[in-house]
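This is what each chain is made of:
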Amino acid sequence: MDERKYKANYVVTLKNINFRYSGEKGGVTALQDINLGIKEGEFLCVLGPSGCGKSTLLKIIAGFLQSSAGEARMDNEPIHGPDWHRGVIFQSPTLYPWLNVQDNIGFGLKMRKFPQNEIEELTNRYFELVGLKGFERHKPYELSGGMKQRASLARILVNKPRMLLMDEPFGSLDSLTRQNMQTLIREIWTKTENTVFLITHDVDEALALATRIIVMSSRPGRILKEFQTSFTYQISGVGHEKARYKPEYMEIREEILNIINSQSEALKFSSPER
Ligand SMILES: Nc1ncnc2c1ncn2[C@@H]1O[C@H](COP(=O)(O)OP(=O)(O)OP(=O)(O)O)[C@@H](O)[C@H]1O
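Just so it is clear, the structure is predicted and the values come from calculations on it, not from any experiment.

What counts and what doesn't
Each chain carries its own residue numbering, running from 1 in the written order of its sequence. In view of the model being predicted, local features appear only for residues whose pLDDT reaches at least 70, and side-chain atom pairs are presented and counted only at 80 or more, with totals across whole chains, interfaces and linings using the full set of residues. Side-chain metrics rest on all non-hydrogen atoms present in the structure, leaving aside hydrogens and water. The pairing criterion is simple: DSSP has to find at least two bridges between the two strands. Strands here are runs of E lasting at least two residues and helices are runs of H or I lasting at least four, both read from the DSSP assignment and numbered beginning at the N terminus. Contacts are assigned to residue pairs with any non-hydrogen atoms lying within 4.5 Å of each other. To define axes, lines are fitted to C-alpha atoms, for helices over the stretch in contact only, and angles between the resulting N-to-C directions are given on a 0 to 180 degree scale. Small angles under 35 degrees read as roughly parallel and large ones over 145 as roughly antiparallel, with 65 to 115 read as roughly perpendicular and the rest as oblique. For any pair of crossing helices, the crossing counts as left-handed if the nearer helix is rotated counterclockwise from the farther one by less than a right angle, and right-handed if it is rotated clockwise. Ten residue types, Ala, Val, Leu, Ile, Met, Phe, Trp, Tyr, Cys and Pro, are classed as nonpolar, four, Asp, Glu, Lys and Arg, as charged, and the remainder, Gly among them, as polar. Under the convention used throughout, the expected extent of a helix is 1.5 Å for every residue step, that is, one less than its residue count. With a 1.4 Å probe rolled over the protein chains alone, any residue whose accessible area is under 20% of its type maximum counts as buried; one over 50% counts as exposed, and the rest are partly exposed. Residue proximity to a molecule or strand is established when one non-hydrogen atom of the residue lies within 4 Å of it. Here a polar contact means two N or O atoms within 3.5 Å. Within protein one must be a hydrogen donor candidate and the other an acceptor candidate, and residues neighboring in sequence count only if both atoms are side-chain atoms. Each accessible area is a Shrake-Rupley result for a 1.4 Å probe, and residues are judged covered by the shown protein chains and nothing else.

Caption draft 1: How the structure looks around the sheet that holds strand S5 (residues 77–78). On the basis of which strands lie adjacent, the open sheet formed by four strands has the order S2-S1-S4-S5 and antiparallel pairing. Strands with a single pairing partner mark the edges of an open sheet, and in this sheet they are strand S2 (28–39) and S5. By the bridge criterion, five bridges tie strand S1 (residues 10–21) to strand S4 (residues 69–74) in an arrangement that is antiparallel. Directly across from Thr13, in S4, lies its bridge partner Arg73. Across the sheet, helix H1 (residues 54–62) is in contact with S1, S2 and S4; its angle to S1 comes to roughly 125°.

Caption draft 2: Summary view of the packing of helix H4 (residues 145–157) against helix H5 (residues 175–192). Where H4 meets H5, the closest approach of the two axes is 11 Å, and the angle between their N-to-C directions is 15°. By the angle between their axes, H4 is roughly parallel relative to H5. Crossing angle aside, the handedness with which H4 passes H5 is right-handed. Residue-level inspection shows Gly146, Gln149, Arg150, Leu153 and Leu157 of H4 in contact with H5, the latter providing Thr177, Asn180, Met181, Leu184, Ile185 and Ile188. Residue composition of the contact of H4 with H5, by class: six nonpolar, four polar and one charged.

Caption draft 3: Seen up close, H4. With 13 residues, H4 should reach 18 Å at 1.5 Å per residue; the first-to-last C-alpha distance of 18 Å fits that figure. The element H4 is largely enclosed, with a buried count of eleven among its 13 residues. If you check which residues of H4 are buried, you get Gly146, Met147, Gln149, Arg150, Ala151, Ser152, Leu153, Ala154, Arg155, Ile156 and Leu157. Against the buried residues of H4 lie strand S6 (86–89), helix H2 (101–111), helix H3 (116–129), strand S7 (163–167) and H5.

Caption draft 4: Here's a closer look at the sheet that holds strand S3 (residues 43–47). Reading across the sheet, the six strands line up as S6-S7-S8-S3-S9-S10 and stay open at both edges, with mixed pairing between neighbours. The open sheet terminates on both sides in strands that have one partner only, identified here as S6 and strand S10 (223–228). Going across the sheet, the axis of each strand differs from the next one's by a mean of 15°, ignoring polarity. Of the strand pairs in this sheet, S6 and S7 are connected by four bridges, and their pairing is parallel. Within S7, the residue paired with Ile89 across the bridge is Met166. Taken strand by strand, H4 contacts S6 and S7, and its axis lies near 170° from that of S6.

Caption draft 5: Quick look at the site of the ligand. All residues adjacent to the ligand are Tyr21, Ala30, Ser50, Gly51, Cys52, Gly53, Lys54, Ser55, Thr56, His201 and Arg219. For the ligand, an oxygen atom lies 2.6 Å from a polar atom in the side chain of Ser50. Gly53 has a polar backbone atom sitting 3.0 Å from an oxygen atom of the ligand. Within the complex, the protein chains bury 61% of what would otherwise be the 640 Å² of accessible surface of the ligand. Here the shell around the ligand gets three residues from one element, more than from any other, and that element is H1. Its residues assigned to classes, the shell around the ligand shows three nonpolar, six polar and two charged.

Caption draft 6: Spotlight on H1. Of all nine residues in H1, seven are buried; the element is thus mostly enclosed. Where H1 is concerned, the buried positions are Lys54, Thr56, Leu57, Leu58, Ile60, Ile61 and Ala62.

Caption draft 7: Looking closely at unusual backbone geometry. Arg219 connects to Pro220 through a cis peptide bond whose omega is 0°. Despite not being glycine, Asp33 has its phi angle at roughly 55°, a positive value. Positionally, Asp33 belongs in strand S2. Residue Asp33 is classed as partly exposed on the basis of its relative accessible area, which comes to 49%. A positive phi angle, close to 45°, is found at Glu168, a residue other than glycine.

So, in structure tokens, the structure goes:
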């Protein structure tokens, strides 16, 4: 697989982002001074200790939350709310249980008043892309966890978002299904040339997929360090497992784990509210 040449432009820019959850006991500062530009076509993975604000950051980019200070922009326009240019996938697949898989996948297009023949053509195309051909008439409860996550992915992709935002999308899957899903998401990223923002707790998952990894501090979340990586191109090729045993893979893996562990230690000694 050839390394992707990035376009110079930023799809999303975050400037001096702070976020505070208000609460009766005084609230929680979840994010502090986040400055980040996400380039078109990159695969950005976010790592950090539990509770450091990763999901909060994703929700700000998605438009579900407005930052308390600073500014989030997409294509240089302020992000004011969710829209289909940014497709979001959570750990639990989001499908309507009363609709079959095809209707679930076509739901967004129907809401956007696409003609029926176009909905069928597009849903079929994405059924194929996520490997669910033959399951069009099944209801979500008739699918395995991995298949449900494939259907959720198709439901987002059919809207042709510019960006995919994923919060621990494979966290509840067994390790083999998880690896298959990693391969699928890499293939989709390659074919669609989408920009991806993926949160994970798994350093190996980040190294297997990312072109850039950011590591966050314990709460309030700040970006501590970023790494440009290209293992995703090697891992997708022949003899892919070998990439995981290269000294440079081990080195970067250890450095990231050390940062996360030091932050988790710091968290133990911090107070619950700030
Ligand atoms: N709705 C909320 N109200 C108040 N505090 C919240 C709310 N949501 C999250 N928090 C707090 O904000 C901080 C950041 O939460 P967030 O879910 O963004 O972290 P995270 O890094 O995604 O965590 P994890 O890795 O465990 O999923 C945490 O301390 C959390 O307790």
